[in-house]
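Each chain is listed here by its residues.
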Amino acid sequence: MDLDDIAARLGVPVEEVERVHRLAGDRPSAPLPAKADAPAMLDRLAVPPTDAAEIMRGWPDPDSPLWTPELRWLLDRTIALVRADLAGYEWLPPGPDLPRDRGPAWRHLFVYAYLALVDVVRAYHTEHGIPDAVSWVTLADLGRNLAIDRRMHGEGWPIMQSWLTLHVRGSVYELGRLQHQRGDGAIGLHVPDSGPLTPEAVAASLDEARAFFPRHFPDERYTAFSCASWLLDPQLREYLPADSNIIRFQRMFELEPYREDDGPNGDVEVLRFGFRTLSTPLDELPRRTALQRAIIDHLRAGGHWHWRHGRFPLQRRR
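Presented here is an overview of the structure given in this document.

Criteria and thresholds
- Residues numbered from 1 in each chain as written.
- Predicted model: local features only at pLDDT ≥ 70, side-chain atom pairs only at ≥ 80, totals over all residues.
- Heavy atoms only, no water.
- Helix = DSSP H or I, 4+ residues; strand = E, 2+ residues; numbered from the N terminus.
- Contact = heavy atoms within 4.5 Å.
- Patch = residues over 30% accessible without salt bridge, like charges linked within 9 Å, V, L, I, M, F, W, Y side chains within 5 Å.
- Areas by Shrake-Rupley, 256 points an atom, 1.4 Å probe, with all protein chains shown as cover.
- Salt bridge = Lys/Arg side-chain N within 4 Å of Asp/Glu carboxyl O.
- Lys, Arg positive; Asp, Glu negative; His and termini not counted.
- Charge placed at Lys NZ, Arg CZ, Asp CG, Glu CD.
- Core = buried A, V, L, I, M, F, W, Y, C linked by side-chain atoms within 4.5 Å.
- Buried < 20%, exposed > 50% of the residue type's maximum accessible area, 1.4 Å probe, protein only.
- Pairing = 2+ DSSP bridges.
- Axes fitted to C-alpha atoms, helices over the stretch in contact; angles between N-to-C directions.
- Parallel < 35°, antiparallel > 145°, perpendicular 65-115°, else oblique.
- Right-handed = clockwise from strand over helix to strand, strands pointing away.
- Left-handed = near helix turned anticlockwise from the far one by under 90°.
- Nonpolar A, V, L, I, M, F, W, Y, C, P; charged D, E, K, R; others polar.

**A closer look at the environment of isoleucine 159**
So, step 1. Take isoleucine 159: it is sitting in helix α10 (residues 157–164).
So, step 2. In this structure, the C-alpha to C-alpha distance between isoleucine 159 and tryptophan 91, residues 68 residues apart in sequence, is 9.5 Å.
So, step 3. Setting aside chain neighbours within four positions, we find isoleucine 159 in contact with Trp91, Glu269 and Arg272.

**Comments concerning a negative patch on the surface**
So, step 1. On the surface, a cluster of negative charge is made up of Asp2, Asp4, Glu15, Glu16, Glu18 and Asp97.
So, step 2. A per-element tally of the negative patch places helix α2 (residues 14–24) first, with three residues.
So, step 3. Within the secondary structure layout, glutamate 18 lies in helix α2.

**Some thoughts on the nonpolar core**
So, step 1. If you look at the biggest cluster of nonpolar residues, it comprises 54 residues, and the most contacted ones within it are Leu10, Leu45, Tyr114 and Leu142.
So, step 2. A per-element tally of this core places helix α7 (residues 109–127) first, with 12 residues.
So, step 3. Counting 23 residues, the second largest nonpolar core, distinct from the first, contains Ile130, Leu206, Phe253 and Phe312.

**Regarding the sheet that holds strand β6 (residues 308–313)**
So, step 1. With mixed pairing, the six strands of this open sheet are ordered in space as β1-β2-β3-β4-β6-β5. Strand pairing shows two members of the sheet lacking a second neighbour, β1 (172–175) and β5 (254–255), which therefore form its edges.

**Quick notes on the side chain of histidine 216**
So, step 1. In this fold, histidine 216 is placed in helix α11 (residues 199–216).
So, step 2. Given the relative accessible area of 7%, histidine 216 is considered buried.

**Quick word on the packing of helix α9 (residues 141–151) against α10**
The description of two helices packed together rests on the angle between their axes and the distance between the axes.
So, step 1. At their nearest, the axes of α9 and α10 sit 11 Å apart, and the two run at 175° to each other. What the angle tells us is that α9 and α10 run roughly antiparallel. Here Asp141, Leu142, Asn145, Leu146 and Asp149 of α9 lie close against α10, whose contacting residues are Trp157, Met160, Trp163 and Leu164.

**Points about the environment of alanine 209**
So, step 1. Turning to its location among the elements, alanine 209 is positioned in helix α11.
So, step 2. Taking the C-alpha atoms as reference points, alanine 209 and tyrosine 89, separated by 120 residues in sequence, lie 16 Å from one another.
So, step 3. Other than its neighbours up to four places away in sequence, alanine 209 contacts Leu175, His180, Pro214 and Phe225.

**Comments concerning α9**
So, step 1. Within α9, the full set of buried residues consists of Asp141, Leu142, Gly143, Asn145, Leu146, Ile148 and Asp149.
So, step 2. In this structure, the buried residues of α9 make contact with α4 (49–57), α7, α8 (132–139), α10 and β2 (178–181).
So, step 3. Positive phi shows up at histidine 153, right after α9, with a value of about 60°.

**Comments concerning the pairing of strand β4 (residues 224–229)**
So, step 1. A large share of β4 lies buried, amounting to five of its six residues.
So, step 2. Note: strand β3 (residues 186–190) against β4, three bridges, orientation parallel. The residue bridging isoleucine 187 from the neighbouring strand is phenylalanine 225, located in β4.
So, step 3. For the crossover from β3 across α11 to β4, the handedness is right-handed.

**Comments concerning the side chain of arginine 276**
So, step 1. You can see arginine 276 is positioned in the loop between α13 (266–275) and α14 (290–300).
So, step 2. Judged by relative accessible area, arginine 276 falls into the buried class, the value being 6%.
So, step 3. Sequence-distant contacts of arginine 276, that is, excluding residues within four places in its chain, are made with Ile148, Arg151, Met152, Asp193 and Leu271.

**What to know about the packing of helix α5 (residues 69–84) against α7**
So, step 1. Between α5 and α7, the least distance of the axes is 9 Å, while the angle of their chain directions is 45°. Looking at the two axes, α5 sits oblique to α7. Note that α5 runs across α7; the crossing there is right-handed. Residues Leu71, Leu74, Leu75, Thr78, Ile79, Val82 and Arg83 of α5 lie in contact with α7, whose contacting residues are Leu109, Phe110, Tyr112, Ala113, Ala116, Leu117 and Val120.
So, step 2. Grouping the amino acids of the contact of α5 with α7 by side-chain chemistry returns 12 nonpolar, one polar and one charged.

Shown next as structure tokens:
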């Protein structure tokens, strides 16, 4: 198919279609699971029932009128693009952001790609001796992010597509309270929306990672844990108690100097994760927790939140 024609039919810039074509090339794609098996897989991936029903309605059946030739091309090449970077640990935009209002086939194209890649990454996990329990709880981040996306009425999903390519490339593993991302000399830490960030849960997750990576990736060498997040913004110490879970978490890290252009907009990320909305006026946001009150009060006073980078040694200090 002509790339200019594909871009025009999809309603996206031709540069984005050319990027998919360049990165995927003629590399192999991967088949979707059988439609009859999909509901069980979606359940195992913690996809909420409402989202699962919508995904099934848009399923890429061979005779589905929802799936135009250009959309099928994009799905096939998106799968190939992500599969080609198996074991890669950088965030990877899988394809252009499609108009969400054109229906479930368009809205969930990357979900179908993710489902096609589950068997690919599960084989990779098996090669590295990854336990099934770790494999499935890691991949179930799909359902968690779909639930967040629905709560936010469509905001944020383009960013999460890039994030979720890490899961199906064998680059992120959920070990207890934290998610751990393979990297260049440092294990990147991510904090999913899955309960209190207690020091005990954090310590247990770090200990699990200290054993996990040498066991399953013995050729990789890590000397530090790293994190990039608004959770590390030291301005939070002006609002939260010294013994709060967030403050105790951020005090583990040695911060790098702040650079305004080194990461996403801190205000946007704080609102995204603190309230799961980007459109509600500050005066209408809930003030149920100390963190929510801190976020609102700081922004209303004219302040800004910062995205900060930090790290600490892999081995415990003695």
